[in-house]
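Remarks on the overall topology
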Amino acid sequence: MHARNEMHENLQLNLKITIMTQAKIDKSTDDGIEVQISSASNKLEIFISQRRNCESKLFLEMTNFNLVADTDFDNQEPIFIFDTSEEKPIRGFIASLDLSNPFTTDSYRIEILNGNGYFRFIDDPDLVVSVPPPKEEVDAGFGIPPYVPYEESTSPEPLTKRTTFNINSNNVIIILAAPLDFRLQTESRIAYRISSSLPDGTTYSGTGVILIRISDYNNHWPSAIKGKYSWDGNECALSTDPLVVEATDLDETINAELEYYIGSITRPQNETFYKEVQQLYLYEDVMLDYDVTVHILDKGTPRLGRTTHVSVTLSAACVTTLGFEIGLATGDFFVKAPGYYSASNKKYCDPCEAGYYCHGYGLRAQCTTCDFELLQPNGSYDIVETVSPCERSKTEFSFGGASECSPCKDGWICEEGVALPILDHSMYIETCSIESCPEPLPCPAGAACMFGIKQDCEPGTSGNGERCVFCPPGRYSDEVNAAECECCLPGFESSHKKASCIPCAFNEISYGCQQCVPCPSSEECPCLESNPCFAGVQCVNDPNSDDGFLCLACPEGTEGNGRECDDIDECEVAGACFESCHNKEHGYECGSCPAGYAGETPSGIGKEYAENNQQICTDVDECLVNNGGCGEHVLCSNNIGEAPTCEGCEDGYAVLEIDSIVTCKRANPCEEADACATNAR
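A brief report on the enclosed structure follows. The written sequence of each chain sets the order in which its residues are numbered from 1. Local features in this predicted model are restricted to residues of pLDDT 70 or higher, and side-chain atom pairs are both shown and tallied only at a pLDDT of 80 or more, whereas totals for entire chains, interfaces and linings draw on every residue. Based on all heavy atoms of the structure, the side-chain values leave hydrogens and waters out of the count.

Before going further, it helps to examine the overall build of the protein. Only DSSP runs of H or I with at least four residues qualify as helices, and only runs of E with at least two residues qualify as strands; both kinds are numbered from the N terminus onward. From N to C terminus, the protein includes three helices and 56 strands. A total of 681 residues make up the protein; the buried ones form 36% of that total. Relative accessible area decides the class of each residue, using a 1.4 Å probe on protein chains only: under 20% of the type maximum gives buried, over 50% gives exposed, and in between gives partly exposed.

Here it is as structure tokens:
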């Protein structure tokens, strides 16, 4: 037997031989050939593995053997394994085989021993059909993911099933003969016999199995169970029971998972009129028709989708807040009118009452609760749904027509869904918690309270209990919630809404609680004739002082009564500098940091400034720069405020001192005493 493999680096030939009487086997190996023999009961299996391109020979001597072909194709180890997808078209390429060898001719006969007719063997590549490009996804709008819309298409007829193929080429192509369906099979096994002849006419044949693994492809569009669905508001306008839009998809895995979206809506032409009218109950018998487009998409790649429609008939009394929604994964379709509810057998909608909220599905619930009620035909309300745990606020409320309750407003008292304002302007209320509202409180002096809300009066104003009033000219307030505005002192003034007073000019005067006026005479205004105050200090005419004037504060950097001002020695009273401090006529200046230190040289005016801007001098570690001037490999020690010390050497170096200058050289351990053992060198 001869074997040659020019295409695959690993070619394994399996032979199963049933022993009838006895066997004599000569086992031999050549370079790259391994023969493995194993036996169990009455069976012998021989495996030949060729790992390099070379010719191999195997000689078997068998006596009284009956060779039985293995026809258990379903359990045979496949010789070839290929992967394909169910997207492949008829005549689409699956795989190719190279049958070239140095012995037989390039003419082969392939017989299908066991298979399902899905594949065909050919030798003409021109017969192969390419996979068509995927269809492009389109944007449907309305926040719907792009998808490929459904199109009618026809598939080509399957090829006639054949079991024998004559191939006149060393290159065999496997093509698809019938459509694949991942739902029906995930793999296909082809058992084959291939025959060929030597130049002398001798025919050789062998059998094998090809395994073709099939993967799922998104090639089926979703399909709605019904072409159109209907929501009949004549029977019940709103309902918590959805209209289920049912759809299927013939794909598998994620390709069969569906999502539902609301698209375009065809509305009645007169809808706007009913949305704007006030007395909707007058038109509760008027029925309006809507057509809602529902897009059904799968989650495959690319996404495939198609549309269906829901026709809705609804009373005009429901259209003010009308909307439509559908469950993304469920297809549950609802007609929704937030702020409205309806009875179980009524075709119109009622607005949600004050103290209640209505999500829009036909039920109502009282604020602070999660008990949803359904209006019965006899006019009573039955609790049909309860959400637990209920985590709603005990102080929420609604004014009616609400889809949700709101937190209690500032200045209101809310209980059991009802909100009441505080109309007494002498009272106010703190913000309600989610559990309760506090009791109203009297408005504090100096604040303003209106509609239950307390407002703090800022400096420059005063509060009278109802509102904040600006301080008039000549008066001021320098605190929050001042009960009244204070008078400016004589010699000072203010304008509207001021938190302080300012001094009058030297040629003006005020008599308290007023603005400054021109001086009537020098007798009443001593500041007119000369400035009795220290240079740079303002003189203020003060009719209440003994001298008729007063001097304001001394200039910065000095201290005194305004008439006499002495320089402040910041160097002494504030300790402003690290070491060197120079006091000036007005202010101070620090000298440079001493040798061995680094820092800024601040200067300024006044004791307070000096205390807040102290000079900071930081020690300089000279060893960090050029080793402090010490030699190479010399140890440098930093000294606070002083020059560094050079002493000692790094490990592995010895001290060599020349003229008091320390240097280091590489140490010679042989020069040390007792460095070596006795008789050692």
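Glancing now at the pairing of strand 53 (residues 634–639). For two strands to count as paired, DSSP must find a minimum of two bridges between them. Direction of pairing for strand 53 relative to strand 54 (residues 642–649): antiparallel, over a ladder of four bridges. Across the sheet, the residue bridging to Val634 is Cys649, located in strand 54. Between strand 53 and strand 54, which follow one another and run antiparallel, lie two residues, and Gly641 among them has a positive phi close to 70°.

For Phe492, the position within the fold is in strand 40 (residues 492–493). With relative accessibility at 17%, the residue Phe492 sits in the buried group. Sequence spacing of Phe492 and Pro503 is eleven residues, and the spatial spacing of their C-alpha atoms is 4.2 Å. Note on definitions: a residue-residue contact is assigned when non-hydrogen atoms from the two residues lie within 4.5 Å. Filtering out sequence-adjacent residues up to four positions away, Phe492 remains in contact with Cys501, Ile502, Pro503, Cys504, Ser510, Gln514, Cys516 and Leu552.

With that settled, consider the nonpolar core. Ranked by size, the top nonpolar core spans 35 residues in total, and within it Val310, Val312, Phe333 and Val335 carry the most contacts. Of all the secondary structure elements, the ones that give two or more residues to this core are strand 16 (228–232), strand 19 (258–266), strand 20 (287–298), strand 21 (304–315), strand 22 (323–326) and strand 23 (332–336). In terms of residue count, the dominant contributor to this core is strand 20 (five residues). If near-sequence neighbours (up to four positions away) are discounted, Phe333 is found in contact with Trp231, Pro242, Leu243, Val245, Ile262, Val292, Val310, Val312, Phe324, Glu325 and Ile326. The next biggest cluster of nonpolar side chains, apart from the first, holds 25 residues, and it includes Ile110, Ile112, Phe121 and Ile212. To form a nonpolar core, buried Ala, Val, Leu, Ile, Met, Phe, Trp, Tyr and Cys residues must be joined to one another through side-chain atoms within 4.5 Å.

As a further point, take the packing of aromatic side chains. Here a pair means two rings of Phe, Tyr or Trp (six-membered ring of Trp) with centres within 6.5 Å. Their orientation is stacked below 30 degrees between planes, edge-to-face above 60, and tilted elsewhere. Counted according to the given criterion, the structure contains 15 aromatic pairs. Between Phe334 and Tyr361, the ring centres sit 5.3 Å apart and the planes meet at 75°, which makes this aromatic pair edge-to-face. Of this pair, Phe334 sits in strand 23 while Tyr361 sits in the loop between strand 26 (356–357) and strand 27 (364–366), and the two are 27 residues apart along the sequence. One aromatic cluster is present, built from ring pairs that chain together Trp231, Tyr290, Phe324 and Phe333. For Arg306, the ring lying beneath its charged end belongs to Tyr150, and the centroid distance is 3.7 Å. Only lysine NZ and arginine CZ atoms are considered, and such an atom sits over a ring when it is within 6 Å of the ring centre and within 35 degrees of the ring normal.

The next point concerns the sheet that holds strand 26. The four strands lie next to each other as 26-27-28-29, forming an open sheet whose pairing is antiparallel. Both outer strands of the open sheet, strand 26 and strand 29 (381–386), are each paired with one neighbouring strand and no more. When strand 28 (residues 371–375) meets strand 29, the two strands line up antiparallel, connected through five bridges. Its bridge partner lying in strand 29, Leu374 is registered against Asp382.

Further remarks concern a negative patch on the surface. Residues Glu559, Glu564, Asp566, Asp567 and Glu585 make up a contiguous surface patch of negative charge. With respect to the element layout, Asp566 can be found in strand 47 (residues 565–567). Judged by its relative accessible area of 52%, Asp566 is exposed. Patches draw on residues past 30% relative accessible area with no salt bridge. Two like charges within 9 Å are joined, as are two nonpolar side chains (Val, Leu, Ile, Met, Phe, Trp, Tyr) within 5 Å. The accessible surface values rely on the Shrake-Rupley method and a 1.4 Å probe; as for residues, cover is taken only from the protein chains in view. Basic side-chain nitrogens of Lys or Arg form a salt bridge, by our definition, when they fall within 4 Å of a carboxyl oxygen of Asp or Glu. Charged-residue counts in this description rest on Lys and Arg as positive and Asp and Glu as negative, His and the chain ends being excluded. Every charge is mapped onto a representative atom, which is NZ of Lys, CZ of Arg, CG of Asp or CD of Glu.

Spatially, 6-14-13-8-11 is the arrangement adopted by the five strands of the open sheet, whose pairing is mixed. Every interior strand has two partners, whereas the edge strands, strand 6 (80–85) and strand 11 (164–167), have only one. Averaged over neighbouring strand pairs, the angle between their axes works out to 30° when direction is ignored. Taken together, the six bridges between strand 6 and strand 14 (residues 203–215) define a ladder with parallel strand orientation. Counted as the bridge partner of Thr84 is Ile214 from strand 14. Here an axis means a line fitted to C-alpha atoms, over the contact stretch when the element is a helix, while the angle between two N-to-C directions is reported on a 0 to 180 degree scale.

A negative phi angle is the norm for most residues apart from glycine, just as the trans form is the norm for most peptide bonds. A cis geometry characterises the amide bond from Thr301 onward to Pro302, with omega recorded as -5°. The residue Pro302 is located in the loop between strand 20 and strand 21 in this model. Put simply, Ser388 and Pro389 share a cis peptide bond, and its omega is 0°. Considering the arrangement of structural elements, one finds Pro389 in the loop between strand 29 and strand 30 (412–415). Despite not being glycine, Arg91 has its phi angle at roughly 70°, a positive value. As for its position among the elements, Arg91 is in the loop between strand 6 and strand 7 (93–98). What makes Arg91 partly exposed here is its relative accessible area of 30%. In this structure, Thr253 is a non-glycine residue whose phi angle is positive, near 50°. In this fold, Thr253 is placed in the loop between strand 18 (247–248) and strand 19.

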